[in-house]
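If you want the building blocks of each chain, they are given just below.
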Amino acid sequence: MKVGVVKETAPNERRVALVPELVGKLSAAGLDVLVESGAGTSAWAPDSAYTEAGATVVARDEVYAQSDVILRVQKPSAEEVGALRQGQAVIGLLGPLTDPQTAKTMAERGVTAISLDMLPRTLSRAQTMDALSSQANVGGYKAVITAADAYGRYFPLLTTAAGTARPANVLILGIGVAGLQAIGTARRLGAVVRAYDVRAETKEQAESLGAQFLVLKSVADASGTGGYARELTAEEREAQQQELNDHIAGMDIVITTAQVPGRRPPVLVTAKAVAGMKPGSVLVDMAASALGGNVELSKAGETVVTDNGVTIIAPDNLPATMPAGASSFYGRNISALLLHLVKDGSLRLDTSDEITAGTLITHEGKVVHEATAKLLSPPPAGAPGGTSA
Ligand code: NAD
């Protein structure tokens, strides 16, 4: 079976789905690896490194023509979907719940689409395949580095002959995978770190990394299913924002990571809270996207400096800014999933297996992933509106 690795084409995407160090692992399982020339260049993996590792470097058209399975990071563009052929499989972070149409087109072309973002993450045997976690981890680290870079002062307490620098006060909102890495990174840089999440179980996790957990009187535990948070009610949201405002005013750095699956990210930092911050303070909104973000004033993909001197950074793809490190983790995730799906040198899709059933989006001309198919089916006549992702 031939496994192809293509160069990513999304704007500013510098990651690659497979790094040279992992080629041997696939070869050992009887797979031939084809790599598009230049696929790893922006992640500091030159063609020569793939060749030395035992892969064959070819032109883009050849990867599409010869591969049985194509490995990628982001979903294919419309043009790339057009290059896929019947019976070919694609594995990547395909985002079928935010873009069900691409899944539909792949189904129509007879392509088997397998999406890492649909992995059942709580299964312990799926942990090595959890690309959402590995990339959130990279993002949490880079968010702190980005904040430190934009902040005009020190993170640690420094006592020098020229005076003493007090440590930065950092607040992390949302203590999932990214938030925990952000706490650890900010602590390692010497900041005083506070953290907050609506899931009560995160208190102990934050404290074990050296952060002080903020307890808000206004919001009770809002744990949802699968380790995620539930959406807050309008009253809870307002009470939470009001109580957070007082804490935010005293912070030098606020990093927000809060997400609720399938919903708009909650606004945790209002314009009023930003107005109360000191000049030179920095906000990094990791949740910002076209859907909105955790910071009311953030603009996805942009950096805004407010009239009162607060820098609001809303990076749109932090993992891509650490391409070598992020690709190395991602490559391990995608290889683990691929090897899980391969038996005797070819793809065997056994949908009685939870990992296969969870990640399989399209197969044999159909959208087989239930939640994706639901988004594509029109609401029954007379129903008020459609479903939301
Ligand atoms: P996420 O990206 O969905 O959200 C980030 C954090 O934001 C979450 O901790 C969430 O509780 C928090 N949040 C949501 N609304 C909020 C609000 N209004 N105010 C404050 N915080 C808010 O989360 P994630 O990083 O993908 O991880 C979610 C969970 O899944 C975690 O519990 C994680 O440990 C768990 N997980 C488990 C496994 C496993 O069991 N192997 C693997 C991966 C993740």
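See the structure above.
What this report covers is the structure whose coordinates are included nearby. (Residues numbered from 1 in each chain as written. Predicted model: local features only at pLDDT ≥ 70, side-chain atom pairs only at ≥ 80, totals over all residues. Heavy atoms only, no water.)

Further remarks concern the site of the ligand. Near the ligand you find 24 residues, and of these Arg121, Val177, Asp197, Arg199 and Gly227 are the closest. Measuring from an oxygen atom of the ligand, one finds a side-chain N or O atom of Arg121 at 2.7 Å. One of the side-chain nitrogen or oxygen atoms of Arg199 is found 2.7 Å away from an oxygen atom of the ligand. Within the complex, the protein chains bury 85% of what would otherwise be the 840 Å² of accessible surface of the ligand. When the residues that make up the shell around the ligand are grouped by side-chain class, the tally is eleven nonpolar, nine polar and four charged. (Near = heavy atom within 4 Å. Polar contact = N/O pair within 3.5 Å; in protein donor to acceptor, adjacent residues only side chain to side chain. Areas by Shrake-Rupley, 256 points an atom, 1.4 Å probe, with all protein chains shown as cover. Nonpolar A, V, L, I, M, F, W, Y, C, P; charged D, E, K, R; others polar.)

With that settled, the discussion passes to the pairing of strand β18 (residues 360-363). Sheet analysis places strand β6 (residues 112-115) next to β18, joined by two bridges and oriented antiparallel. Pairing of Ala113 across the sheet is with Thr362, part of β18. Where β18 meets strand β19 (residues 366-367), two bridges bridge the pair, whose relative direction is antiparallel. Bridging from a neighbouring strand, His363 pairs with Lys366 of β19. The hairpin turn running from β18 into β19, its antiparallel successor, is two residues long, and Glu364 in that turn takes a positive phi close to 50°. (Pairing = 2+ DSSP bridges. Helix = DSSP H or I, 4+ residues; strand = E, 2+ residues; numbered from the N terminus.)

Summarising the element assignment, Gly40 is placed in the loop between β2 (32-36) and α2 (47-52). For the pair formed by Gly40 and Gly345, sequence separation is 305 residues and the distance between their alpha carbons is 25 Å. When sequence neighbours within four positions are dropped, the list of residues in contact with Gly40 reads Val16, Ala45 and Tyr50. (Contact = heavy atoms within 4.5 Å.)

Moving on, we get to the packing of helix α6 (residues 131-150) against helix α11 (residues 323-341). Viewed as axis vectors pointing N to C, α6 and α11 meet at an angle of 170°, and their least axial separation amounts to 9 Å. Judged by the angle between their axes, α6 and α11 are roughly antiparallel. Here α6 contributes Ala131, Ser134, Gln135 and Val138 to the contact with α11, which in turn contributes Ala326, Phe329, Tyr330 and Asn333. Partitioning the contact of α6 with α11 into residue classes produces five nonpolar, three polar and no charged. (Axes fitted to C-alpha atoms, helices over the stretch in contact; angles between N-to-C directions. Parallel < 35°, antiparallel > 145°, perpendicular 65-115°, else oblique.)

Turning our attention to a nonpolar patch on the surface. A contiguous nonpolar patch, built from Tyr141, Ile145 and Leu189 and spanning about 210 Å² of accessible area, is present on the exposed surface. Summarising the element assignment, Leu189 is placed in the loop between α7 (177-188) and β10 (192-196). (Patch = residues over 30% accessible without salt bridge, like charges linked within 9 Å, V, L, I, M, F, W, Y side chains within 5 Å. Salt bridge = Lys/Arg side-chain N within 4 Å of Asp/Glu carboxyl O.)

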